[in-house]
Amino acid sequence: DQQVKQNSPSLSVQEGRISILNCDYTNSMFDYFLWYKKYPAEGPTFLISISSIKDKNEDGRFTVFLNKSAKHLSLHIVPSQPGDSAVYFCAARYSSASKIIFGSGTRLSIRP
Amino acid sequence: DTGVSQDPRHKITKRGQNVTFRCDPISEHNRLYWYRQTLGQGPEFLTYFQNEAQLEKSRLLSDRFSAERPKGSFSTLEIQRTEQGDSAMYLCASSSHRGRATNEKLFFGSGTQLSVL
C-alpha cells in the first residue's frame, strides 16, 4: 500500500534546463509535503516543503507545486546544475502525530 | 552543529546473530525516528519516539526488532536472530516537534549499512 508514489525511477536533464520531478499521493488526509535529496552513502537532506493550505512554495532555484484535487505535487529545479544530480524523495504526513511517509525516489542526472 | 550521528557506519554479521545500532540525535530535538531503506526504495518507517516514549511502531517491526530511547537522548535499535532479509540501510532522523504543528523537518544521519551473510 504505497501512499506516496514516484513513478519515474530516473530522469536525465541537460545542465541549465529545468528539472521537473513528480509525485502522486493517495491519502487525502495528507497536509504537509516535503522533498528530500540524497547523495550516495549519505542520509537524505531536507530540500523544501509545502503545507496543504498552499499551492506553491519557492526557495531559490527550487519550487514545489501542490495540486490537491489531483493529489499531485512536483518539484521544479531551475536552472539545473551538476550538483543537483542525486536521488530525490517525495514525502508526506497527515497529522502532527503521524510518521512521515516517503516515496521510492527519482534519480536525477544532470548532463553537461 | 554536530548533526545526527549513527554508529557503526557498516555492520557485517552472520545470519542468526544479534546486532545493535546507536543513534545520537541533534541535542535539542525531542523526536527520534528509525527508518529502513533497501536498494531502489525510499526510507520505510520503523518507529519513532517523542522524548523517551515510543509513539508508533510499524508492522514491519517484527518481534525480533526492538528500539529504545532511555532518558530521551540517544536511541538504540536491536535486531535479534538476524535474517538475510534484514540487510538494508538503517537510518535515524531527529526533529524538533512543538504542539500540534505538522511542519517539522527530519534531519537524517548517514545511516548504518547492515549486511547479513
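Note that the coordinates shown come from a computational prediction; the quantities given were computed from them, not determined experimentally. (Residues numbered from 1 in each chain as written. Chains lettered and ligands numbered in written order. Predicted model: local features only at pLDDT ≥ 70, side-chain atom pairs only at ≥ 80, totals over all residues. Heavy atoms only, no water.)

**What about the sheet that holds strand β3 (residues 19-25) of chain A?**
Picture the strands of a sheet paired through backbone hydrogen bonds; they go either parallel or antiparallel.
Residue and element names in this part refer to chain A.
Then, in step 1: Spatial strand order, β1-β3-β8-β7-β6: 5 strands in an open sheet with antiparallel pairing. Unpaired on one side and paired on the other, β1 (4-5) and β6 (56-59) mark the two borders of the sheet.
Then, in step 2: Summarising the sheet, β1 and β3 pair through 2 bridges and their orientation is antiparallel. Looking at the pairing, Val 4 lines up with Tyr 25 of β3. (Pairing = 2+ DSSP bridges. Helix = DSSP H or I, 4+ residues; strand = E, 2+ residues; numbered from the N terminus.)

**Concerning the nonpolar core**
Then, in step 1: Membership of the largest hydrophobic core comes to 24 residues, with the highest contact counts inside it found for Phe 33, Trp 35, Leu 73, Leu 75 and Tyr 88 of chain A.
Then, in step 2: Of all the secondary-structure elements, those providing two or more residues to this core are β3, β4 (32-38), β5 (45-51), β7 (62-67), β8 (72-77), β9 (86-93) and β11 (106-111) of chain A.
Then, in step 3: When sequence neighbours within four positions are dropped, the list of residues in contact with Leu 73 of chain A reads Leu 21, Asn 22, Cys 23, Tyr 25, Phe 33, Trp 35, Val 64, Phe 65, Leu 66 and Cys 90 of chain A.
Then, in step 4: Grouped together as the second largest cluster of nonpolar side chains are 19 residues, Val 19, Phe 21, Leu 61 and Val 116 of chain B included. (Core = buried A, V, L, I, M, F, W, Y, C linked by side-chain atoms within 4.5 Å. Buried < 20%, exposed > 50% of the residue type's maximum accessible area, 1.4 Å probe, protein only. Contact = heavy atoms within 4.5 Å.)

**Quick notes on the interface of chain A and chain B**
Then, in step 1: Taken together, the contacts link 22 residues of chain A with 25 residues of chain B.
Then, in step 2: For the chain A and chain B pair, buried surface summed over both sides reaches about 1800 Å², with 55% attributable to carbon and sulfur atoms.
Then, in step 3: Along the contact surface separating chain A from chain B lie 2 salt bridges.
Then, in step 4: Across the salt bridge formed by Arg 93 of chain A and Glu 104 of chain B, the nearest N and O atoms sit 3.1 Å from each other.
Then, in step 5: Viewed at the interface, chain B and chain A are joined by 5 residue pairs in polar contact (both at pLDDT 80 or more).
Then, in step 6: At the level of secondary structure, the elements contributing two or more residues to the side of chain A that touches chain B comprise β4, β5 and β9 of chain A.
Then, in step 7: Of the residues contributing to the side of chain A that touches chain B, the split by class is 10 nonpolar, 7 polar and 5 charged. (Buried area = accessible area lost by both parts, 1.4 Å probe. Salt bridge = Lys/Arg side-chain N within 4 Å of Asp/Glu carboxyl O. Polar contact = N/O pair within 3.5 Å; in protein donor to acceptor, adjacent residues only side chain to side chain. Nonpolar A, V, L, I, M, F, W, Y, C, P; charged D, E, K, R; others polar.)

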